[in-house]
Amino acid sequence: LAAQRPQEALNITRELQKQRPDDAAGFMLEAAVEASRKNPGAAADAYRNALKRSPTGALASLAHGALMAAGRKAEADKLEASWLAEHPRDTAFLLHLGLQALEQGALEKAEARMRSVTQLDPQSAVAFNNLSWVLAERKQPGAVAAAQRANELRPNMPEFLDTLAHALGAEGQMDKAIETQKKALDLAGPNAPVLRLNLAKLYVKKGDAAAARNELQTLTALGSKFGQQDEVTRLMKSL
């Protein structure tokens, strides 16, 4: 693959499958090759073959994701239903479903999946972090508490602090939100323009135009190195 010879790579995976037909490894490698070739349908088929040989939540997640990427939603829904019926406490698969729902903007479903994970695995910082973000977006109570739990489990993680700041801002606690966002930015270092953009948004929400403009000007100076310049321009015009 690194040498840009995917067909040879695919031939190797097929040879491995012949040598070890009951092992998931050859099919997992085939799926990786097909995914690199931007062929999600073939990747999904390979992942499903791997799943038959090694029924794990991780492989179920990969197969489900590949089916969705290939536009085979009915098959993905069928896999989701059957897997959850047999493995209702599979937190890896539930977390995958929650993250996918987030990507699709299905916030109610995302909330339900993340809540399930936090109940089954109270140590899942990722689930608490994402649950907080969803609750804040849906203007539901509990966003700050969920984010605080994520930060207790995984302290000093910039992305988790970013979510906590978002939750605090959603509840109108602007000073705490800005303080938290600054900490996230300090921990992440200079190469975290998204966190700086979120800080600017908090300043805008607070009504501190001068501080917001200062952060936005820093982002503007990045030019094409930062892909969200349209949002920066929009915010600058709103001041």
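Our structure's up above, just so we're on the same page.
## Quick notes on helix α6 (residues 91-104)
- In a regular helix each residue adds 1.5 Å, so 14 residues correspond to 20 Å; α6 covers 20 Å between its end C-alpha atoms and thus fits that length.
- Among all positions of α6, only F93, L94, L95, H96, L97, G98, Q100, A101 and L102 are buried.
- Looking at the buried positions of α6, the neighbouring elements they touch are α4 (57-69), α5 (73-86), α7 (107-120) and α8 (125-137).
- Capping the start of α6, D90 holds a side-chain oxygen 3.1 Å from the backbone nitrogen of A92, two or three residues further along.
- Just downstream of α6, G105 is the residue with a positive phi angle, here 80°.

## What to know about the pattern of salt bridges
- Inspection of the entire model under this criterion finds 17 salt bridges.
- The salt bridge involving R14 is made with E30; its shortest N-O contact spans 3.1 Å. Here E30 lies in helix α2 (residues 25-36) and R14 lies in helix α1 (residues 6-19), a separation of 16 residues in the sequence.
- In this structure R14 comes out as partly exposed when scored by relative accessible area, which is 35%.
- Assessed through its relative accessible area of 10%, E30 is described here as buried.
- A salt bridge links E231 to R234; the shortest N-O distance between them is 2.9 Å. Residue E231 and its partner R234 are located together in helix α14 (residues 229-238), separated by 3 residues, close to a single helical turn.
- Residues joined in a network through salt bridges with shared partners are D45, R48, R72 and E75.

## Focus on the packing of helix α3 (residues 40-53) against α4
- The N-to-C vectors of α3 and α4 enclose an angle of 155°; their axes lie 8 Å apart at closest approach. The angle between α3 and α4 falls in the class roughly antiparallel. Remark: the crossing between α3 and α4 carries left-handed chirality. Between α3, through P40, A43, A44, Y47, R48, A50 and L51, and α4, the contact on the second element is made entirely by L59, A60, L62, A63, A66, L67 and A69.
- Tallied by class, residues from the contact of α3 with α4 come to 13 nonpolar, no polar and 1 charged.

## Remarks on the nonpolar core
- The biggest cluster of nonpolar side chains holds 57 residues, and the ones touching the most others in it are Y47, L51, L59, F93, M114, L202 and Y203.
- It is α8 that provides the largest number of residues to this core, a total of 7 residues.
- Those residues within four positions of M114 in sequence are excluded, and the remaining contacts are L95, G98, L99, L102, A127, N130 and L131.
- Core analysis: the next-biggest nonpolar cluster, separate from the first, contains 7 residues, A200, L216, V232 and L235 among them.

## Re the packing of aromatic side chains
- Using the criterion set out here, one finds 1 aromatic pair in the structure.
- Ring centres of W83 and F93 lie 6.3 Å apart, and the angle between their planes is 55°; this geometry places the pair in the tilted category. A residue pair is termed long-range when its members are at least 10 positions apart, and W83 in helix α5 and F93 in helix α6 qualify at 10 residues.
- Among the residues examined, W83 registers a relative accessible area of 6% and is labelled buried.

## Structural notes on the environment of N39
- In this structure, N39 sits in the loop between α2 and α3.
- The spatial distance from the C-alpha of N39 to the C-alpha of L185 is 38 Å, given a sequence separation of 146 residues.

## Description of the packing of α5 against α6
- Interaxial distance between α5 and α6 falls to 11 Å at its minimum, and their mutual angle equals 145°. Of the two elements, α5 crosses α6, and the hand of that crossing is left-handed. Only F93, L94 and L97 of α6 make contact with α5, whose side of the interface consists of E80, W83 and L84.

The rules behind the values
- Residues numbered from 1 in each chain as written.
- Predicted model: local features only at pLDDT ≥ 70, side-chain atom pairs only at ≥ 80, totals over all residues.
- Heavy atoms only, no water.
- Helix = DSSP H or I, 4+ residues; strand = E, 2+ residues; numbered from the N terminus.
- Expected span 1.5 Å × (residues − 1).
- Buried < 20%, exposed > 50% of the residue type's maximum accessible area, 1.4 Å probe, protein only.
- Contact = heavy atoms within 4.5 Å.
- Polar contact = N/O pair within 3.5 Å; in protein donor to acceptor, adjacent residues only side chain to side chain.
- Salt bridge = Lys/Arg side-chain N within 4 Å of Asp/Glu carboxyl O.
- Axes fitted to C-alpha atoms, helices over the stretch in contact; angles between N-to-C directions.
- Parallel < 35°, antiparallel > 145°, perpendicular 65-115°, else oblique.
- Left-handed = near helix turned anticlockwise from the far one by under 90°.
- Nonpolar A, V, L, I, M, F, W, Y, C, P; charged D, E, K, R; others polar.
- Core = buried A, V, L, I, M, F, W, Y, C linked by side-chain atoms within 4.5 Å.
- Phe/Tyr/Trp six-rings, centres within 6.5 Å; stacked < 30°, edge-to-face > 60°.

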